[in-house]
There are 2 protein chains.
Amino acid sequence: MLITSLNNDKVKELVKLKDKKYRDINDLFFIEGKDLCDSAYENGLLRELYILDGYDNIYDGIPYTYVSTEVMKKISDLGSVSEYYGVCSKMVEKDLGNKILVLDDIQDPGNLGTIIRSAVAFNFDTIVLSRGTVDLYNPKVVRSAKGMLFKTNVIMRDIVSFIKEIDDYMVYGTDVKDGINIKNEIIPEKIAIVIGNEGKGISDEVRDLCQKFIYLDMNSECESLNAGVSASIIMYEVNSK
Amino acid sequence: MLITSLNNDKVKELVKLKDKKYRDINDLFFIEGKDLCDSAYENGLLRELYILDGYDNIYDGIPYTYVSTEVMKKISDLGSVSEYYGVCSKMVEKDLGNKILVLDDIQDPGNLGTIIRSAVAFNFDTIVLSRGTVDLYNPKVVRSAKGMLFKTNVIMRDIVSFIKEIDDYMVYGTDVKDGINIKNEIIPEKIAIVIGNEGKGISDEVRDLCQKFIYLDMNSECESLNAGVSASIIMYEVNSK
């Protein structure tokens, strides 16, 4: 089947997936491009495929529909034309690993995507998102995570209750100046590291639950790093120890 | 004076600064918000100030004009309302320092801003932008650099000729896997590190001029890091040695 009409009911349904509300109701999200479709397929999350007219279906066993260039533009987040557009099931939560990153209201979708990518690179196995964090399935988050979204365990929680529950983990807060230089800290096996919001940092309620604070050594001319960068360097340091 | 009309000639002129072409012709760029205006003022780059009606002028000796909320929205990059909007002279190039970061066609404005911020944090004194790098004075670059733009030395060059000229520096390329783990490298005093484009990496012509390649140890499940993150971790490592 080939869809060419922008008024097709299926097209209207796909466009709605740009809104968090519809993603939540249907437990679905969308991805664009062959690389992301490959990753979703390998991880068993690809549910439906929309293929640009003229390209082959390369994903066995997935229901597919051909679409025109105009339709592909319409359903794309940035109005771009990919060869493959996939509809995916949201990921299933897995058990907690030993290296947990807790995000306290990270707002920028690029930052969240970058952090997910770095978490896989540096062997952090679980990312916990506070209720106020940007939606994991926001198209910009999905894009900037570059397929690493499918290779990590991301869970959503009230992080105050979550931190209270994980009493066998050392919980670190991050602070620009106060605390211990991460280079000088012996990191235990089971840890959770909290990264604060881009503007406000870690909320007071969460801060009170952190057992220790760590910082990265830097020039005092610079007040703070980008949140994605500081989370990534901290994970890099932990992974290098 | 208070400007309230969106058709005012001055307003039209300011709106044009959103375009690179006009920034280049006039050697000017604009900044929004008190923090950035403070930084530009301290660094002697603030030329004109536009103040939201009702706020005080806090910058001695700078020509200023009051504007209405509507005008402030119109001249803002994101259509937001700041108390202070500044027009700045572009920065003057300074002499090369010992720690140089060379960017080979970085495209994402957020990445460039983040890299500038991290360069100040980790004592890289000079950033060299290839001709194909996103414009330094792009409003999103300026915003994401968080005032650190004024505290570093950024120069624009044909980077192939530039690397040929700096023959007393050790020139490192960055590669995901090939080369030396940066943890195991003794870094000399005078270095230049090349960071490649987000998609294509370092161009072949530049790659041929690199004396050594360094990489960051990471899980092979992850093909690469965000360019802003990898540049930042490399600078962090060099600064920690």
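What you are looking at is a predicted structure, and each value in this text was computed from that prediction instead of being measured.

A. Representation of the overall build of chain A in the model. In terms of regular secondary structure, chain A is built from nine helices and 12 strands. Its C-alpha atoms give chain A principal-axis dimensions of roughly 60 × 35 × 30 Å. Within the span of chain A, comprising 241 residues, buried residues form 54% of the whole. Of all intrachain contacts in chain A linking residues separated by at least 6 positions in sequence, the fraction that spans at least 24 positions is 75%. Within chain A, one finds 29 positive and 39 negative side-chain charges whose respective centroids are separated by 3 Å.

B. Region of interest: the relation of the copies chain A and chain B. Screw-axis analysis of chain A against chain B gives a translation of 0.0 Å along the axis, an RMSD of 0.0 Å, and a rotation angle of 180 degrees. A rotation of that kind, with that shift, is consistent with a two-fold axis. When the interface residues of chain A are mapped onto chain B, 100% of them again lie at the interface, so the same face is used by both copies.

C. Structural detail: the pairing of strand 12 (residues 212-215) of chain B. All names here are of chain B. Relative to strand 12, strand 9 (residues 170-174) runs parallel, the two being bridged by three bridges. Pairing of glycine 173 across the sheet is with phenylalanine 213, part of strand 12. Summarising the sheet, strand 10 (residues 180-181) and strand 12 pair through two bridges and their orientation is parallel. Within strand 12, the position partnered with isoleucine 180 by the bridge is isoleucine 214.

D. Quick peek at the confidence of the model for chain A. Here chain A averages 95 in pLDDT, while 100% of its residues score no lower than 70. Reported confidences for the modelled complex are a pTM of 0.93 and an ipTM of 0.92.

E. Local environment of the environment of lysine 34 of chain B. Tracing the sequence through the fold places lysine 34 of chain B in helix 3 (residues 34-42). Apart from the residues within four sequence positions on either side, lysine 34 of chain B is in contact with Ile58, Tyr59 and Tyr84 of chain B.

F. Region of the structure containing the sheet that holds strand 6 (residues 99-103) of chain A. Residues and elements named next belong to chain A. Strand order in the open sheet formed by seven strands is 8-7-6-11-9-12-10, and the pairing between neighbours is parallel. Looking at the sheet topology across the chains shown, the edges are occupied by strand 8 (153-156) and strand 10 (180-181). Contacting strand 6 and strand 7 (126-129), helix 5 (residues 109-121) crosses the sheet at an angle of about 155 degrees to strand 7. The sheet strands contacting helix 9 (residues 227-240) are strand 6, strand 9 (170-174), strand 11 (191-195) and strand 12 (212-215), and the helix crosses strand 11 at an angle near 160 degrees.

G. Just the packing of helix 5 (residues 109-121) of chain B against helix 9 (residues 227-240) of chain B, in detail. All names here are of chain B. Between helix 5 and helix 9, whose axes approach to 9 Å, the crossing angle comes to 10 degrees. On the basis of their axis angle, the class for helix 5 and helix 9 is roughly parallel. In this structure, helix 5 uses Asn111, Thr114, Ile115, Ser118, Ala119 and Ala121 to contact helix 9, whose residues at the interface are Ala227, Gly228, Ala231, Ser232, Met235 and Asn239. The residue makeup of the contact of helix 5 with helix 9, split by class, is six nonpolar, six polar and no charged.

H. The interface of chain A and chain B, seen in detail. Contact residues are listed per partner, giving 29 residues for chain A and 30 residues for chain B. Here chain A meets chain B over a buried area of about 2400 Å², counting both sides, of which 56% is carbon and sulfur. Counting the surface chain A buries against chain B, the share from its top three residues, Arg117, Glu221 and Tyr236 of chain A, is 24%. The interface formed by chain A and chain B contains two salt bridges. Across the pair glutamate 221 of chain B and lysine 151 of chain A runs a salt bridge, and its minimum N-O distance is 3.9 Å. Between the two partners, chain A and chain B, sit 12 residue pairs in polar contact (both at pLDDT 80 or more). At the level of secondary structure, the elements contributing two or more residues to the side of chain A that touches chain B comprise helix 5 and helix 9 of chain A. Here the side of chain A that touches chain B takes eight residues from helix 9 of chain A, the largest share from any one element.

I. Summary view of the pattern of salt bridges. Scanning the entire structure with this criterion turns up 27 salt bridges over all chains. Here aspartate 38 of chain A and lysine 34 of chain A are joined by a salt bridge, their closest N and O atoms 2.9 Å apart. Taken as a pair, aspartate 38 of chain A and lysine 34 of chain A lie in helix 3 (residues 34-42) at a separation of four residues, close to a single helical turn. Note on lysine 34 of chain A: relative accessible area 39%, which makes it partly exposed. Among the salt bridges present, the one from lysine 183 of chain B reaches glutamate 237 of chain B, with a minimum N-O distance of 2.8 Å. Linking lysine 183 of chain B in the loop between strand 10 and strand 11 (191-195) with glutamate 237 of chain B in helix 9, this pair joins segments that are 54 residues apart in sequence. The class for lysine 183 of chain B is partly exposed, based on a relative accessible area of 33%.

Conventions we followed
Residues numbered from 1 in each chain as written. Chains lettered and ligands numbered in written order. Predicted model: local features only at pLDDT ≥ 70, side-chain atom pairs only at ≥ 80, totals over all residues. Heavy atoms only, no water. Helix = DSSP H or I, 4+ residues; strand = E, 2+ residues; numbered from the N terminus. Buried < 20%, exposed > 50% of the residue type's maximum accessible area, 1.4 Å probe, protein only. Contact = heavy atoms within 4.5 Å. Lys, Arg positive; Asp, Glu negative; His and termini not counted. Charge placed at Lys NZ, Arg CZ, Asp CG, Glu CD. Least-squares fit on C-alpha atoms with pLDDT ≥ 70 in both. Pairing = 2+ DSSP bridges. pLDDT = per-residue confidence, 0-100. Axes fitted to C-alpha atoms, helices over the stretch in contact; angles between N-to-C directions. Parallel < 35°, antiparallel > 145°, perpendicular 65-115°, else oblique. Nonpolar A, V, L, I, M, F, W, Y, C, P; charged D, E, K, R; others polar. Buried area = accessible area lost by both parts, 1.4 Å probe. Salt bridge = Lys/Arg side-chain N within 4 Å of Asp/Glu carboxyl O. Polar contact = N/O pair within 3.5 Å; in protein donor to acceptor, adjacent residues only side chain to side chain.

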